[in-house]
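# Coordinate analysis (summary)
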Amino acid sequence: MDQKCVICKSATYHEHDTLTSSLRKQFWQMTSMRMFIWGDWDLTDMESDENIQLLACPRVQGEVMKTIIFHEHTTAYSPSNRYITSFLKKYIEKIESMPDYELDDELTEFYISLISTTNTTSFAPGMCYKTYILDKEQYTRIVLQEEQTMVSQGTTGLQTWDASLRLADFFAEHPGIIRGQRVVELGAGCGLAGFTCAAMGASNVLSTDFNSDVLKLLEGNRQTNTEYKDKVQVAELDWANLEECARISSNVDVIIGADVSYDPTIVPLLVAALETMLVSPQQVAYITAAVRSQETFELFLKLVDDTGVLGKSVMDLTEAKMSTLCLPNPVSDIRLILITRK
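What comes next concerns the included structure. (Residues numbered from 1 in each chain as written. Predicted model: local features only at pLDDT ≥ 70, side-chain atom pairs only at ≥ 80, totals over all residues. Heavy atoms only, no water.)

### Some words on the packing of aromatic side chains
- Here the structure, examined in full by the defined rule, presents twelve aromatic pairs.
- Between F36 and W38, the aromatic rings sit 4.6 Å apart at their centres with planes inclined by 40°, giving tilted as the arrangement. With respect to class, F36 is no different from W38; both count as buried.
- Ring geometry for Y77 and Y129: centres 5.1 Å apart, planes at 80°, overall edge-to-face. Residue Y77 is located in the loop between α4 (72–76) and α5 (81–96), and its partner Y129 is located in strand β1 (residues 127–133); the two are separated by 52 residues in the primary sequence.
- On the accessibility criterion, Y77 (25% relative accessible area) is partly exposed.
- Here the aromatic residues F27, F36, W38, Y83, F87 and Y91 are joined through ring pairs into a cluster of three or more. (Phe/Tyr/Trp six-rings, centres within 6.5 Å; stacked < 30°, edge-to-face > 60°. Buried < 20%, exposed > 50% of the residue type's maximum accessible area, 1.4 Å probe, protein only. Helix = DSSP H or I, 4+ residues; strand = E, 2+ residues; numbered from the N terminus.)

Here's what the structure looks like:
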């Protein structure tokens with residue numbers, strides 16, 4: 001039988017650990033503070049008085065420092081100092097909202113030292129680590145180095161976007177789709193969806209992009225994720241090079257792509273590449289799109305239909321609960337398009 005905490009007397013040690021685990025998962029993924037759930041992520045229990053009371057328990061404060069801030073994984077693959085500062089600031093505010101609160105000395109001292117050396121007034125560019133958890137025990141992790149700003153070095157591919165999170169979560173929730181399959185990822189960016197496929201049992205993953213800076217980052221992320229390194233290969237792929245697309249098609253069961261149809265000038269190239277690579281009815285492409293422009297999204301669907309040889313179905317993932325990764329409210333509507341050869 002799980003014991004009640006002898007300090008707060010309002011929760012069991014198991015409830016403390018569940019809370020801390022939820023905070024750690026969101027912290028490592030650098031979940032935005034406006035979306036952060038200060039409770040059990042699985043229950044999406046956000047602002048209950050009982051929750052805040054647990055957050056203020058001295059034992060929980062100590063566990064936050066020990067198993068989140070000073071965790072060996074955080075030390076090795078740290079979020080940005082700006083994010084850590086924001087996390088601790090919000091956490092302290094939660095504690096201070098409780099009557100008769102008592103702040104942990106170590107937490108207070110660390111926050112003061114960090115805020116004195118961190119610029120919190122502007123969002124500086126630069127790389128940091130995000131860790132995506134794929135299992136309840138938090139042992140299956142995808143560690144990605146990502147740019148903190150949306151556009152860097154002339155590309156948006158140095159950061160993971162909502163559509164990538166949705167696609168990765170889809171495969172994490174349905175691993176049977178990808179297990180044992182040969183996967184090609186188009187416009188891989190940081191590589192979250194491809195690495196997730198590797199973690200879910202894909203036999204091999206070819207992660208492709210065209211931007212040289214993105215490819216360097218992608219290869220660095222492959223080296224970081226040593227558990228999946230041998231399963232994942234990185235390669236340059238120009239969608240206009242249909243000869244190369246055709247060569248790849250003979251070694252692929254599943255094609256994946258996230259946020260690859262947002263630019264109307266490259267949508268025809270994408271569709272031509274898909275038409276070239278999907279040569280058998282047994283092959284399937286899973287493409288997620290953030291619908292920022294309805295016109296561009298409909299152009300993509302129309303061009304797929306216009307091939308005459310490709311069939312499609314569309315799923316709305318906008319309201320779907322992301323059970324594995326942390327993204328409760330995407331900024332844009334998210335669609336999953338399944339494309340096959342007729």
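### Quick look at the pattern of salt bridges
- As enumerated under the stated definition, the model contains eleven salt bridges in all.
- Taking the shortest distance from any N to any O, the salt bridge between D17 and R59 comes out at 3.7 Å. You can see D17 sitting in helix α1 (residues 13–28) and its partner R59 sitting in helix α3 (residues 58–69), a full 42 residues away along the chain.
- Residue classification places D17 among the partly exposed residues on the basis of a relative accessible area of 39%.
- With relative accessibility at 24%, the residue R59 sits in the partly exposed group.
- Note that K312 is salt-bridged to D305, the shortest N-O span being 2.9 Å.
- Residue class for D305 comes out partly exposed when judged on its relative accessible area of 40%. (Salt bridge = Lys/Arg side-chain N within 4 Å of Asp/Glu carboxyl O.)

### A look at the packing of helix α10 (residues 242–249) against helix α11 (residues 267–277)
- Axis separation between α10 and α11 bottoms out at 8 Å; the angle between their running directions is 40°. Viewed along their axes, α10 and α11 adopt a mutual orientation that is oblique. The way α10 lies across α11 gives a crossing that is right-handed. Seen from α10, the contacting residues are L242, C245, A246, I248 and S249; seen from α11, they are A272, A273, T276 and M277.
- For the contact of α10 with α11, the class distribution of residues is seven nonpolar, two polar and no charged. (Axes fitted to C-alpha atoms, helices over the stretch in contact; angles between N-to-C directions. Parallel < 35°, antiparallel > 145°, perpendicular 65-115°, else oblique. Left-handed = near helix turned anticlockwise from the far one by under 90°. Contact = heavy atoms within 4.5 Å. Nonpolar A, V, L, I, M, F, W, Y, C, P; charged D, E, K, R; others polar.)

### Structural notes on the packing of helix α7 (residues 162–173) against helix α8 (residues 192–199)
- Relative to each other, α7 and α8 sit at 10°, their axes nearing to 8 Å. Looking at the two axes, α7 sits roughly parallel to α8. Each of S164, L165, L167, A168, F171 and A172 in α7 lies in contact with α8, whose residues at this interface are L192, A193, T196 and C197.
- Of the residues that constitute the contact of α7 with α8, the class distribution is eight nonpolar, two polar and no charged.

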